[in-house]
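The chain contents come next:
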Amino acid sequence: MSYAISANRLRDGVVVFLSPAGWVEHLADAERFPDKAAAEAALEARARADEKRNLLVDPTAFELREAGGRIEAAHIREAIRANGPTVRPDLGKQAVAN
Amino acid sequence: MYRYDEFDAGFVADRVAAFREQVGRRLSGEMTEEQFRPHRLMNGLYLQLHAYMLRVAIPYGTLNSRQMRKLAHIARRYDKGYGHFTTRQNLQYNWPTLADTPAILDELASVEMHAIQTSGNCIRNVTADHFAGAAGDEIEDPRPYAEILRQWSSIHPEFSFLPRKFKIAVTGAPKDRAAVQTHDIGYQIVRNEAGETGFAVYVGGGQGRTPMVAVKIREFLAKEDLLAYTQAIVRVYNLEGRRDNKYKARIKILVHEKGLEWMTQSVEAEFAAAAREFIELPSAEIERIKAYFAPPTFAARGTDGYKARRQTDPRFAAFAATNIMAHRQPGYGSLTISLKPIGGIPGDASAEQMDVVAELAERYGHDEIRVSHEQNLILPHVALDDVPTVYDVLRVNGLATANAGLISDIIACPGLDYCSLATARSIPVAQRISERFGEGERAREIGELKIKISGCINACGHHHVGHIGILGLERKGVETYQITLGGSGDETCSVGTITGPGFLSEEVVDAIERVVDRYLAVRTSKDEDFLTAYRRVGMAPFKDALYETNRGADI
Ligand code: SF4
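Residues numbered from 1 in each chain as written. Chains lettered and ligands numbered in written order. Predicted model: local features only at pLDDT ≥ 70, side-chain atom pairs only at ≥ 80, totals over all residues. Heavy atoms only, no water.

A. Geometry of the overall build of chain B. A count of helices and strands for chain B gives 17 helices and 21 strands. Taken against the 2.2 N^0.38 rule, which gives 24 Å for 555 residues, the C-alpha radius of gyration of chain B at 23 Å falls within 12% of a compact globule. Taking the principal axes of its C-alpha atoms as reference, chain B extends roughly 60 × 60 × 60 Å. Looking at chain B as a whole, 62% of its 555 residues are labelled buried. Across chain B, the 66 positively charged side chains and the 72 negatively charged ones have centroids separated by 3 Å. (Helix = DSSP H or I, 4+ residues; strand = E, 2+ residues; numbered from the N terminus. Rg over C-alpha atoms; globule rule 2.2 N^0.38 Å. Buried < 20%, exposed > 50% of the residue type's maximum accessible area, 1.4 Å probe, protein only. Lys, Arg positive; Asp, Glu negative; His and termini not counted. Charge placed at Lys NZ, Arg CZ, Asp CG, Glu CD.)

B. Summary view of the packing of aromatic side chains. Residue and element names in this part refer to chain B. Counted according to the given criterion, the structure contains 15 aromatic pairs over all chains. Relative to F199, the ring of Y145 lies with its centre 5.1 Å away and its plane at 80°, an arrangement referred to as edge-to-face. Taken together, the positions of Y145 in helix α5 (residues 143-154) and F199 in strand β9 (residues 197-203) put the pair 54 residues apart, joining distant regions of the chain. An identical accessibility class is assigned to Y145 and F199; each is buried. (Phe/Tyr/Trp six-rings, centres within 6.5 Å; stacked < 30°, edge-to-face > 60°.)

C. Structural detail: the environment of B:D141. Residues and elements named next belong to chain B. Along the chain, D141 turns up in the loop between β6 (127-128) and α5. When the C-alpha positions of D141 and F161 are compared, they lie 30 Å apart, and in sequence the two are 20 residues distant. In contact with D141, other than residues within four places in its own chain, are A132, G133, I189 and F293. (Contact = heavy atoms within 4.5 Å.)

D. Geometry of the layout of surface pockets. Residues and elements named next belong to chain B. In this model, the second largest pocket occupies a volume close to 740 Å³. Lining the second largest pocket are 36 residues, and of these K175, E374, G405, E448 and K450 sit closest to its centre. At the level of elements, α10 (314-323), β11 (324-326) and α16 (530-537) are the ones that each hand at least two residues to the lining of the second largest pocket. Considered class by class, the residues forming the lining of the second largest pocket number 11 nonpolar, 13 polar and 12 charged. (1 Å grid on protein atoms, 1.4 Å probe; cavity = no way out; pocket = protein on both sides within 12 Å on 5 of 7 lines; lining within 4 Å. Points joined across faces, edges and corners; volume = space filled by probe spheres on them. Nonpolar A, V, L, I, M, F, W, Y, C, P; charged D, E, K, R; others polar.)

E. Summary view of the nonpolar core. Residues and elements named next belong to chain B. With 62 residues, the main nonpolar core has M68, L71, F85, L335, L379 and L394 as its most contacted residues. The element contributing the most residues to this core is helix α11 (residues 351-364), with eight residues. If you count residues domain by domain, this core takes at least three from each of domain 1 (6-109) and domain 3 (304-396). Among residues more than four places away in sequence, those in contact with F85 are I58, M68, N90, L91, L339, G347, A349, V371, Q375 and L377. Among the nonpolar cores identified, the runner-up in size contains 42 residues, and Y187, L221, A228 and I233 belong to it. (Core = buried A, V, L, I, M, F, W, Y, C linked by side-chain atoms within 4.5 Å. Domains from an automatic or database assignment.)

F. Expanded view of the pattern of salt bridges. Residues and elements named next belong to chain B. Within the structure shown, the criterion is met by 53 salt bridges over all chains. A salt bridge links E445 to R523; the shortest N-O distance between them is 2.5 Å. Taken together, the residues span a long stretch of sequence, with E445 in helix α14 (residues 441-446) and R523 in the loop between α15 (505-522) and α16 at a distance of 78 residues. The exposure class of E445 is partly exposed, given its relative accessible area of 33%. We classify R523 as buried; its relative accessible area is 12%. Across the pair R536 and E528 runs a salt bridge whose closest N-O atoms are separated by 2.7 Å. Note on R536: relative accessible area 44%, which makes it partly exposed. (Salt bridge = Lys/Arg side-chain N within 4 Å of Asp/Glu carboxyl O.)

G. Molecular detail of the interface of chain A and chain B. Listed by partner, the interface residues are 24 residues for chain A and 32 residues for chain B. When chain A packs against chain B, close to 2200 Å² is buried across both sides, 61% of that on carbon and sulfur atoms. By the criterion of area lost to chain B, the three top residues of chain A are A:L10, A:R11 and A:V87, representing 25% of everything that side buries. For the interface between chain A and chain B, the tally reads zero salt bridges. Counting across the interface, chain A meets chain B through 10 residue pairs in polar contact (both at pLDDT 80 or more). Taken together, the residues of the side of chain A that touches chain B sort by class into 10 nonpolar, seven polar and seven charged. (Buried area = accessible area lost by both parts, 1.4 Å probe. Polar contact = N/O pair within 3.5 Å; in protein donor to acceptor, adjacent residues only side chain to side chain.)

H. Broad picture of the sheet that holds strand β5 (residues 70-73) of chain A. All names here are of chain A. If you trace the five strands from one edge of the open sheet to the other, you get β3-β2-β1-β4-β5, paired in antiparallel fashion. Looking at strand neighbours, the two that pair on one side only are β3 (22-24) and β5, the edges of this open sheet. Each strand axis lies, on average, 45° off the axis of its neighbour in the sheet, ignoring direction. Direction of pairing for strand β1 (residues 3-9) relative to strand β4 (residues 56-67): antiparallel, over a ladder of six bridges. Within β4, the position partnered with N8 by the bridge is V57. Relative to the sheet, helix α2 (residues 76-83) contacts β1, β2 (15-19), β4 and β5, its axis offset from that of β1 by approximately 55°. (Pairing = 2+ DSSP bridges. Axes fitted to C-alpha atoms, helices over the stretch in contact; angles between N-to-C directions.)

I. Spatial organisation of helix α6 (residues 226-240) of chain B. Residue and element names in this part refer to chain B. Helix length check: α6, at 15 residues, gives a terminal C-alpha distance of 21 Å against a target of 21 Å (1.5 Å per residue), a fit within 8%. Here α6 lies mainly inside the structure; 12 of its 15 residues are buried. Those residues of α6 that sit buried are L226, L227, A228, Y229, T230, Q231, A232, I233, V234, V236, Y237 and N238. Where α6 is buried, its residues touch α5, β7 (168-171), β8 (185-191), β9, β10 (215-222) and α7 (251-273). (Expected span 1.5 Å × (residues − 1).)

In structure tokens:
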């Protein structure tokens, strides 16, 4: 199963994902790592560096899964972070995505 | 109404200035997150799942219209147009940016508000009965004492770094609406045989991982000793409380491990030894603070319009029956504005709704608004003849749900939809239960029933003291819900008992319905409410109802 890396942007707290082009706001644009080890390595090498540069807070690697042809977070917590509150579809990233 | 004296205003202004500087240094990279986090938390700013969250203190839940309008303005300008009223009588903004926070705190300070004491191991903001100063059964308004405690504790260096957070609640009526027995210290105003008023003192209550009902360590404490006695309790705790284990650090663990007798003796010894003259509360000071809470002058008002509308409009009559509470002043009532629309998010209010409430408070409510720990708003002083007008305005603004105290008046914490500590969602469960039972005939037939839902063991949703409590957990990546029955946060305080195996999200509403149906079947009459019936018949019949069909998953 593949993995991605998320964090909260320091300035506004918004959830961001690591991509080859830096940090992006949507999971669809996130870089996918083939396994946990690769994700952990990127976390240490790249995400931690940006954390030290005070761009973001709490970077973490998490598992992905495929559902209905779409990539989403395997665990509900990360899925909610990637989409927004399930009780407010008008807010968070899902509001833009929909 | 209390206003900041100059000292307080200066204190708050200094704190905002200091925080602005800290935010600047954090954003420029001079401070690491580790260094910054304690400052952030001391100013009520958390980092949650989607964004930062700012928790604004509303001491003892009292607001005026100017403050409510400011909260609405902040919601619009710096957030996403709404706020969430919490079980701690606070307001939370779910989307502020770090960069904006100092400006928000400035805005709050301009209406004598702040976010201090909403976080950290200090004495948190003091809570009180939301019907204080209005309730028909009240001995004395508890808020002056809550305020005295707040002023005294907010700047007390000795108590800024306690083993854990510390919560105090004060109630002034025999009917405990402030859940004082679930707090680290609970003060209940009582009258002694000589006819003097003072406090019964409860210590060591709490929810969270290890729920406990407080023990009474004193029957009667004279008012002038309020601070000296509080200091004695906090000192014993500060000295003896465990700092080695976060989960054992609350005063409830100390009380539990050492026992009632030890606790009483230790506090009394500390109390006797303290140099009382420095912290004795002179009655002049009590009177000075009380003056800020002096009741408004109530013009004599009739009730003809109110009665007539009750007779002709069944929806209004239903609203009046649940949402209007008896006032100490004839011709007046306290009006609960339910923030629990059927299927809605408990405790959320839009900026527009906040403005509407401010307007109504100003025109019809002596400019007073309360926030209840049950996540509703209250206009404590409304002339009954004005209630029809107020109701009509509330109705067009989605604020006239007639369910205060009924099954759909559910407390729910933000849960996994917002909270980074959550193990499961709580709001969607509340929404589905609310839709199942509604606010109509069925809900009224069921009568008083408090359902409380938490999204993790921290119990911000007070599930331990719900008549029906629901705790959201995670099992193997799946949200599951544990049900407790028989909890109560009032003067008959008790911690609920777990029914047995938990339920999946799609099962939990049916499970609640089976519990409710069983209650309807066992009650002696409509006058026997859920809690009374449960206490009479015990867990067995409910367990049967829940598990007879084996629908409880084995988790
Ligand atoms: S009970 Fe848990 S999930 Fe709910 S608000 Fe508190 S910490 Fe968050």
